[in-house]
Amino acid sequence: MFQIDTQIAAKIVNRTMKIIGHNINVMNAQAVILGSGEVDRIGTVHEGALLAISQNRNVEISQTIASNLQGVKPGLNLPLHYQGQVVGVIGITGEPGTLSHYGELLKMTAEMIVEQANLQEQLQWQNRQKEEFISQLIHATEQDLPSLKQWALQLGIDLSLPRVAAIIELDSNNPMYQQDNQALKQVLSLLQHPVRDNLIAMTSLTQLVILKPAFLDGKQFDPELENQRINKLLKRLPANMQLSLHISLGHYFNGDLGISYSYRTAKETMDIGKKLHPTKSKYLYQDYSLQVLLSGLRQHWRGNALAGPYLKLIEVDKNQQLQKTLTAYLEHMGDIQTCANSLFIHRNTLRYRLDKIQTITNIDLHSFNGLLSLYLGQLIHQPNT
């Protein structure tokens with residue numbers, strides 16, 4: 001059964017005392033005063049309220065009756081109902097004969113506040129349930145699916161709707177976010193209006209996860225359309241919010257575990273994007289797909305075997321000069337002059353460094369397979385920047 005708490009009692013007292021010039025007491029179902037214009041009475045038991053609760057009727061307390069009761073002053077006590085149950089009492093201090101015309105008005109006002117509070121509590125509970133469900137869904141395994149499907153039915157969520165995961169993060173290195181813990185809630189409100197059937201959860205004080213309908217054109221997943229939608233969201237952010245945001249978009253996967261896979265790609269895209277391009281605000285999976293797909297090999301023996309030659313280079317190249325040279329060489333498709341120009345070095349210096357890379361890694365840089373081996377190794381073990 002719903003119960004009145006001190007917060008609801010205070011709201012009733014503050015609102016109803018503005019209507020009349022009399023003190024108001026609000027008692028819970030145990031007749032304990034939770035709110036009162038006379039603060040010293042809070043926490044005491046009101047015997048008149050006990051009578052109103054036990055008999056479920058309005059109780060008038062005259063001066064004579066009040067003198068025989070504990071903790072009671074003359075006034076009118078009216079039981080408060082919610083869904084047919086007595087949940088508390090509202091008391092008006094004063095001469096009962098002069099208060100009767102206030103009684104039903106105050107009772108109705110108080111019961112409306114109780115109903116609003118209960119609806120708000122139910123909404124908050126539903127939101128907490130939905131956030132917890134989303135948190136479980138994005139980390140789901142095959143074993144979790146039966147219970148998650150049942151949970152989705154209870155929450156009215158259609159798991160068959162194709163969705164793709166996106167992540168929004170506040171810059172945790174920005175001290176401003178700690179002073180404005182409402183920032184993500186403002187972003188969340190923008191995501192919810194207009195309604196787009198997004199499933200949204202705050203997974204931390206600095207992160208939102210959004211499970212978006214994947215087929216914006218009604219037919220298939222189109223990363224470019226999603227990109228345009230993200231750009232529109234960034235433009236909608238009020239300039240005075242002064243937020244430093246990072247947004248990542250994962251890949252769409254079909255099947256029961258598609259949302260979980262999509263979230264993992266969004267998270268890897270965020271991590272890799274922030275590492276490689278920390279000043280950007282938007283990271284799309286298709287721009288980092290190779291790095292994301294290969295990142296899972298970083299702690300795997302297959303990845304270590306594949307990246308073996310590149311790991312030798314990392315071990316020797318403490319100042320990362322040769323690694324940067326290799327990166328430029330790969331970016332310029334082996335064009336010696338263009339690569340040298342980009343590094344601001346002479347062609348002979350570049351050749352010297354490339355020879356050194358070949359000696360360390362035992363890889364022929366003129367061989368496609370050799371270059372591919374070093375390229376994949378670089379993607380798997382991307383150095384921190």
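Fair warning: this is a prediction, and the values are worked out from it, not measured in the lab. Throughout this document, residue positions are counted from 1 along each chain, in the order its sequence is written. Given that the model is predicted, a residue must reach a pLDDT of at least 70 before its local features are reported, and side-chain atom pairs must reach 80 or more before they are shown or counted; all residues, however, enter totals for whole chains, interfaces and linings. Side-chain numbers here rest on the full set of heavy atoms in the structure, without hydrogens or water.

### As for the packing of helix 1 (residues 6-16) against helix 4 (residues 96-138)
Then, number 1: Interhelical geometry of helix 1 versus helix 4 gives an angle of 145 degrees and a closest axis separation of 10 Å. As helix 1 packs across helix 4, the resulting crossing turns out to be right-handed. Contact with helix 1, carried on its side by Ile8, Lys11, Ile12, Arg15 and Thr16, involves Leu106, Thr109, Ala110, Ile113, Val114, Gln116 and Ala117 of helix 4 and no other residues of that element.
Then, number 2: Classification convention: Asp, Glu, Lys, Arg as charged; Ala, Val, Leu, Ile, Met, Phe, Trp, Tyr, Cys, Pro as nonpolar; all other residues, Gly among them, as polar. Partitioned by chemical class, the residues of the contact of helix 1 with helix 4 number 7 nonpolar, 3 polar and 2 charged. Lines fitted to the C-alpha atoms define the axes, with helices restricted to the stretch that makes contact. Angles between their N-to-C directions range from 0 to 180 degrees. Segments assigned H or I by DSSP are reported as helices when at least four residues long, segments assigned E as strands when at least two residues long, and all are numbered from the N terminus. Crossings are sorted by hand: turned counterclockwise from the far helix by less than a right angle, the near helix makes the crossing left-handed, and turned clockwise it makes it right-handed. Contacts between residues were defined by any pair of non-hydrogen atoms, one from each residue, lying within 4.5 Å.

### Focus on the packing of aromatic side chains
Then, number 1: The criterion for an aromatic pair is that two Phe, Tyr or Trp rings (for Trp, the six-membered ring) have centres within 6.5 Å, with stacked assigned to planes under 30 degrees apart, edge-to-face to planes over 60 apart and tilted to the rest. What the rule picks out here adds up to 5 aromatic pairs.
Then, number 2: Judged by centre distance (5.3 Å) and plane angle (70 degrees), the ring pair of phenylalanine 215 and tyrosine 252 falls under edge-to-face. With phenylalanine 215 in the loop between strand 8 (207-213) and helix 8 (223-236) and tyrosine 252 in the loop between strand 9 (245-249) and helix 9 (258-276), this residue pair connects regions lying 37 residues apart in the sequence.
Then, number 3: Exposed residues in this analysis have more than 50% of their type's maximum accessible area, buried residues have under 20%, and partly exposed residues fall in between, with area computed by a 1.4 Å probe over protein chains only. You can call phenylalanine 215 partly exposed: its relative accessible area is 29%.
Then, number 4: Taking the centre distance of 6.1 Å and the plane angle of 75 degrees together, the rings of tyrosine 283 and tyrosine 288 count as edge-to-face.

### Examining the domain arrangement of the protein chain
Then, number 1: These domain limits were set by an automatic method or by a database of domain assignments. When cut into domains, the protein chain gives domain 1 (6-121), domain 2 (140-295) and domain 3 (298-381).
Then, number 2: Taken together, the contacts link 4 residues of domain 2 with 5 residues of domain 3.
Then, number 3: For the pairing of domain 2 and domain 3, the buried interface totals around 490 Å² over both sides, and the portion due to carbon and sulfur atoms is 65%.
Then, number 4: Salt bridges are defined by distance alone: a side-chain nitrogen of Lys or Arg within 4 Å of a carboxyl oxygen of Asp or Glu. Applying the counting criterion to the domain 2 and domain 3 interface returns 0 salt bridges.
Then, number 5: In protein, a polar contact requires one atom able to donate a hydrogen and another able to accept it; more generally it is a pair of N or O atoms within 3.5 Å, and residues adjacent in sequence count only if both atoms are side-chain atoms. Across the domain 2-domain 3 interface, the total number found is 0 residue pairs in polar contact (both at pLDDT 80 or more).
Then, number 6: A class-by-class count of the residues in the side of domain 2 that touches domain 3 yields 2 nonpolar, 2 polar and no charged. Buried area counts how much accessible surface, traced with a 1.4 Å probe, disappears from two parts once they are put together, with both parts' losses summed.

### Observations concerning the pairing of strand 1 (residues 24-28)
Then, number 1: In terms of burial, strand 1 is a largely internal element, 5 of the 5 residues being buried.
Then, number 2: Across the two faces of strand 1 the burial is the same, with Ile24, Val26 and Asn28 and Asn25 and Met27 all buried.
Then, number 3: With 5 bridges connecting them, strand 1 and strand 5 (residues 85-93) associate as antiparallel partners. Bridging across to strand 5, isoleucine 24 finds its partner in isoleucine 92. Pairing between strands requires that DSSP locate at least two bridges from one strand to the other.

### Focus on the side chain of histidine 246
Then, number 1: Secondary-structure assignment places histidine 246 in strand 9.
Then, number 2: Histidine 246 gets classed as buried once you look at its relative accessible area, which sits at 6%.
Then, number 3: Among the polar contacts listed, one links the side chain of histidine 246 to the side chain of tyrosine 283, at a separation of 3.5 Å.
Then, number 4: Every residue in contact with histidine 246, bar those within four places of it in the chain, is listed here: Ile167, Ile168, Glu169, Asp171, Met270, Lys274, Pro278, Lys280, Ser281 and Tyr283.

### Side note on the sheet that holds strand 1
Then, number 1: The strand order across the open sheet formed by 5 strands is 2-1-5-4-3, and the pairing between neighbours is antiparallel. Only two strands of the sheet have a single neighbouring strand rather than two, namely strand 2 (33-36) and strand 3 (59-61). Between one strand axis and the next, the sheet turns through 20 degrees on average, direction left out of account.
Then, number 2: The sheet contacts of helix 4 involve strand 1, strand 3, strand 4 (75-82) and strand 5, and relative to strand 4 the element is tilted by about 30 degrees.

### Let's talk about helix 5 (residues 145-155)
Then, number 1: Within helix 5, the full set of buried residues consists of Leu145, Leu148, Trp151 and Ala152. Along helix 5, the residues classed as buried sweep out an arc of 120 degrees about the axis, all on the same side. More than 90 degrees from the buried face of helix 5, the exposed residues found are Pro146, Leu153 and Gln154.
Then, number 2: In this fold, the buried residues of helix 5 make contact with helix 4.
Then, number 3: Backbone geometry just downstream of helix 5 places glycine 156 in the positive-phi region, at approximately 75 degrees. Directions drawn from the helix axis to the C-beta atoms are what define this arc.

### Thoughts on the environment of leucine 311
Then, number 1: Along the chain, leucine 311 turns up in helix 12 (residues 308-316).
Then, number 2: Of the residues examined, leucine 311 reaches a relative accessible area of 28% and is grouped as partly exposed.
Then, number 3: For the pair formed by leucine 311 and lysine 18, sequence separation is 293 residues and the distance between their alpha carbons is 75 Å.
Then, number 4: With sequence-adjacent residues up to four places away left out, leucine 311 is seen in contact with Asn304 and His381.

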